[in-house]
Amino acid sequence: MNILEIIGKKRDSKELTKEEIDYFVNNYTNGEITDYQASALVMAIYINGMTIEETTNLTLAMAHSGDILDLSEVGNVVDKHSTGGVGDKVTLILMPICAALGCKVAKMSGRGLGVTGGTKDKLEAIPGYKTEISIDEFIKNVNKIGISLIGQTLNLAPADKKLYALRDAINCTANIPLIASSIMSKKIASGANKLVLDVTCGSGAFMQNIEDAEELSKTMINIGKLANKETVCIITNMDQPLGRMVGNTLEVIEAIEALKGNMDEDVKNVVLELGAYILKLDGKGNDIEKNKKLIEEVIVNGKAYNKFLELISNQDGDISYIENYNKFEKSKYKLEVKSSISGYVHNLNAFKVGQIASLLGAGRQRKEDEIDYSVGIELLKKVGDKVQEQETLAYIYANDEQKGKQAVIDLQKAYLISAENVEKPKDILEIITFIKKSSLI
Ligand code: URA
């Protein structure tokens, strides 16, 4: 067997065997297969697709490319993962909430991919916070305070780690078999027994329409069944960015405010829905509406915010930045984006917003690029909002004046303002579940 034959097979739309997929994953992980050969194969998969058997084999091969974490000493662990979005700071808000409600949170998060942001980058915007710790420390933290959030830094699904960065660098991110295997391999390796997956859908997501989002959900649920992991997929709207901040430090600040109860409606709807299902799978209650109330309670009584502080300090983050977020380094320029007409915001293209934030430095153009934590976008107006001519739509935070000025022009174009009144879009589009009957007792 050799990699050239495997690339050739996929290039010619043929189905790969389990042995061929194992060969590719093992030899790419150990460096025998080069990045350019892997790029060719990934591009062929992107163009010609994979069957469900191939996708499952790729998932299992990637899951077993490193250690498989045994979290049995921690107990029931319900993990959450998002397929990625623009302004998606849900993990930062939701996981401390779940820990405050007694769930065990052991979560591994990725860095930004394409125009979508990554929780690892956001956590690293907090001075001192360590996303790279040993497995022992990770488990110790979960046992001690009920929560640990880390990057994909342990030897867990290392094949996915390499492929994830490669896909980002060759524009092969938005693909159902590649996303499903990437997410599910990490989840299998990181030892959680149940999963709540936020499948984002719209211009700022990898899945641009509901049919694709459903297919991705069903693919992941299928893999969940095979791996014996109860899985809930919640399809959420990502046609416009989630919340009002896009950019790493800015999103951390928005998350801090959210944990103090100041949450935009769209963020709140997503946090409550995902959280209610996490509580259900964790055995904290079957009634979704009651679970949402429990979540609101720990926000109001400060337990969720305190758990966030505990999480940050336990992983060596400087909590003085959380307690006084004015301490975060600010961008040099804050530029206003104004509306040239009066009317209603009809559309705010999330992909374009993500692209603008990324060009400002909030994301990477190449896989080795450094992130600029302080740059990004603050959205004052979103779909359905009324605006007056010359009213501020948004602010651009930039460290390079030219890039900032270009971002102002580009963001103006990302807004579509029309005379007709527009309804606010739905935040939760569909829920697809695989929950065993025995769990509902
Ligand atoms: N999140 C992942 O972990 N992998 C993907 O491919 C996309 C989103």
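Position numbers for residues count from 1 along each chain, tracking the sequence in the order it is written. The model is predicted, so local features are restricted to residues of pLDDT at least 70 and side-chain atom pairs to those at 80 or more, both for listing and for counting; the totals for chains, interfaces and linings are taken over all residues. Side-chain metrics rest on all non-hydrogen atoms present in the structure, leaving aside hydrogens and water.

Undergrad: Even after reading the chapter, I still don't get the overall build of the chain, so can you show me in this structure?
TA: Broken down by element type, the chain carries 17 helices and 13 strands. Atoms counted for the radius of gyration: C-alpha only. Globule rule: 2.2 Å times residue count to the power 0.38. For the chain, whose C-alpha radius of gyration is 21 Å, the value lies close to the compact-globule estimate of 22 Å for 441 residues. Judged by the C-alpha coordinates and their principal axes, the chain covers about 65 × 45 × 40 Å. Buried, partly exposed and exposed residues are distinguished by accessible area as a fraction of the type maximum, computed with a 1.4 Å probe on protein chains only: under 20%, between the cut-offs, and over 50%, respectively. Counting across all 441 residues of the chain, residues that qualify as buried make up 60%. Contacts are assigned to residue pairs with any non-hydrogen atoms lying within 4.5 Å of each other. The long-range fraction of contacts in the chain, counting pairs at least 24 apart against all pairs at least 6 apart in sequence, stands at 78%. Working definition of accessibility: Shrake-Rupley area with a 1.4 Å probe, residue cover restricted to the visible protein chains. Carbon and sulfur atoms provide 48% of the accessible area of the chain, an area that totals close to 17600 Å². A residue counts as positive if it is Lys or Arg and as negative if it is Asp or Glu; His and the chain ends are not included. Charge coordinates come from a single atom per side chain, which is NZ of Lys, CZ of Arg, CG of Asp or CD of Glu. Mean positive and mean negative side-chain charge positions of the chain (53 and 62 charges, respectively) differ by 2 Å. A run of DSSP states H or I qualifies as a helix once it reaches four residues; a run of E qualifies as a strand once it reaches two. Both are numbered from the N-terminal end.

Undergrad: So what exactly am I meant to see when it comes to the environment of Ile-139 here?
TA: Assignment of secondary structure puts Ile-139 in helix H7 (residues 135-145). On the basis of relative accessibility, which here comes to 11%, the residue Ile-139 falls in the buried class. The sequence separation of Ile-139 and Leu-69 amounts to 70 residues, and the corresponding C-alpha distance is 9.5 Å. If we skip the residues at most four places from it in the chain, Ile-139 touches Asp-70, Leu-71, Glu-73 and Val-74.

Undergrad: Looking at this structure, how should I read the sheet that holds strand E1 (residues 78-82)?
TA: Hydrogen bonding along the main chain pairs the strands of a sheet, whether they run parallel or antiparallel. Sheet architecture is open: four strands sit in the order E1-E4-E5-E13, paired in mixed fashion. Lying at the two open borders of the sheet, with one neighbouring strand each, are E1 and strand E13 (428-434). Put simply, the sheet's adjacent strands are angled 15 degrees from each other on average, direction ignored. Across eight bridges, the pairing between strand E4 (residues 194-201) and strand E5 (residues 230-237) is parallel. Each bridged residue has a counterpart across the sheet, and for Lys-194 the counterpart in E5 is Glu-230. Convention adopted: a line fitted to C-alpha atoms gives each axis, helices being fitted over their contacting stretch, and angles between N-to-C directions are expressed from 0 to 180 degrees. Together, E1, E4 and E5 form the strand contacts of helix H9 (residues 176-189), whose direction differs from that of E1 by roughly 155 degrees. Here helix H12 (residues 265-281) sits on the sheet in contact with E1, E4, E5 and E13, set at roughly 160 degrees to E4. Paired strands are those between which DSSP finds at least two bridges.

Undergrad: I tried to follow the pairing of strand E11 (residues 392-398) on my own but got confused; where do I start?
TA: The side chains of a regular strand alternate, first on one face of the sheet and then on the other. Most of E11 is tucked away: six of the seven residues are buried. Across six bridges, strand E7 (residues 333-338) lies against E11 in antiparallel orientation. What sits directly across from Glu-336, in E11, is Tyr-395. As judged from the four bridges shared by strand E9 (residues 376-379) and E11, these two strands associate in the antiparallel manner. Paired with Leu-379 across the two strands is Ala-394, which belongs to E11.

Undergrad: Help me out: how do you make sense of the site of the ligand in this one?
TA: For this description, a residue counts as near a given molecule or strand if any of its non-hydrogen atoms is within 4 Å of it. The environment of the ligand is made up of His-81, Ser-82, Thr-83, Leu-113, Tyr-164, Arg-167, Ile-179, Ser-182, Ile-183, Lys-186 and Phe-206. One nitrogen or oxygen atom from the side chain of Arg-167 is found 2.8 Å from an oxygen atom belonging to the ligand. Here a polar contact is taken to be a pair of N or O atoms separated by no more than 3.5 Å, where protein atoms must pair a possible hydrogen donor with a possible acceptor and residues adjacent in sequence count only if both atoms sit in side chains. Contacts to the ligand include Ser-182, whose side-chain N or O atom sits 2.7 Å from a nitrogen atom. The fraction of the free accessible surface of the ligand (230 Å²) that becomes covered by protein chains is 97%. For the shell around the ligand, the secondary structure elements donating two or more residues are E1, helix H8 (158-169) and H9.

Undergrad: I'm lost on the side chain of Thr-131 in this one. Help?
TA: In this fold, Thr-131 is placed in the loop between helix H6 (119-124) and H7. At 2.5 Å, the side chain of Thr-131 and the side chain of Glu-124 are in polar contact. Among residues more than four places away in sequence, those in contact with Thr-131 are Lys-120, Leu-123, Glu-124, Ile-150, Gly-151 and Thr-153.

Undergrad: Looking at this structure, how should I read a negative patch on the surface?
TA: Two distance rules govern patches: like charges are joined within 9 Å, and nonpolar side chains (Val, Leu, Ile, Met, Phe, Trp, Tyr) within 5 Å, applied only to residues with over 30% relative accessible area and no salt bridge. The term salt bridge refers to a pairing of a side-chain nitrogen on Lys or Arg with a carboxyl oxygen on Asp or Glu at a separation within 4 Å. A surface patch of negative charge is lined by Asp-70, Glu-73, Asp-136 and Glu-137. Tracing the chain through its elements places Glu-73 in the loop between helix H4 (52-63) and E1. You can call Glu-73 exposed: its relative accessible area is 59%.

Undergrad: I would appreciate a short explanation of the environment of Ala-38 in the present structure.
TA: Structurally, Ala-38 can be placed in helix H3 (residues 35-48). The sequence separation of Ala-38 and Glu-370 amounts to 332 residues, and the corresponding C-alpha distance is 24 Å. Leave out the neighbours within four places in its chain, and Ala-38 touches Phe-24, Tyr-28, Ile-33 and Leu-166.

Undergrad: Which parts of the structure should I look at to understand the sheet that holds E9?
TA: On the basis of which strands lie adjacent, the open sheet formed by four strands has the order E6-E9-E11-E7 and antiparallel pairing. Only two strands of the sheet have a single neighbouring strand rather than two, namely strand E6 (245-246) and E7. With respect to the sheet, helix H17 (residues 401-414) is in contact with E7, E9 and E11, its orientation differing from that of E7 by roughly 20 degrees.

Undergrad: Looking at this structure, how should I read the packing of aromatic side chains?
TA: Remark: the centre distance and the inter-plane angle together describe each pair of aromatic rings, the angle taken between the planes. Centres within 6.5 Å are what make two rings of Phe, Tyr or Trp a pair, Trp counting through its six-membered ring; a difference in plane orientation under 30 degrees is then read as stacked, over 60 as edge-to-face, and the rest as tilted. Overall, the coordinates contain two aromatic pairs when judged by the stated rule. Between the aromatic rings of Phe-24 and Tyr-28, the centroid separation amounts to 5.8 Å while the plane-to-plane angle is 5 degrees, which identifies the pairing as stacked. Taken together, the residues span about one helical turn, with Phe-24 and Tyr-28 both in helix H2 (residues 18-29) at a distance of four residues. For Tyr-28, a relative accessible area of 1% puts it in the buried group. Counting as a charge over the ring demands two things of the Lys NZ or Arg CZ atom: a distance within 6 Å of the ring centre and an angle within 35 degrees of the ring normal. When the ring centre of Tyr-321 is taken as reference, the NZ or CZ atom of Lys-327 above it lies at 4.8 Å.

Function-wise, these values are silent; they only describe arrangement.
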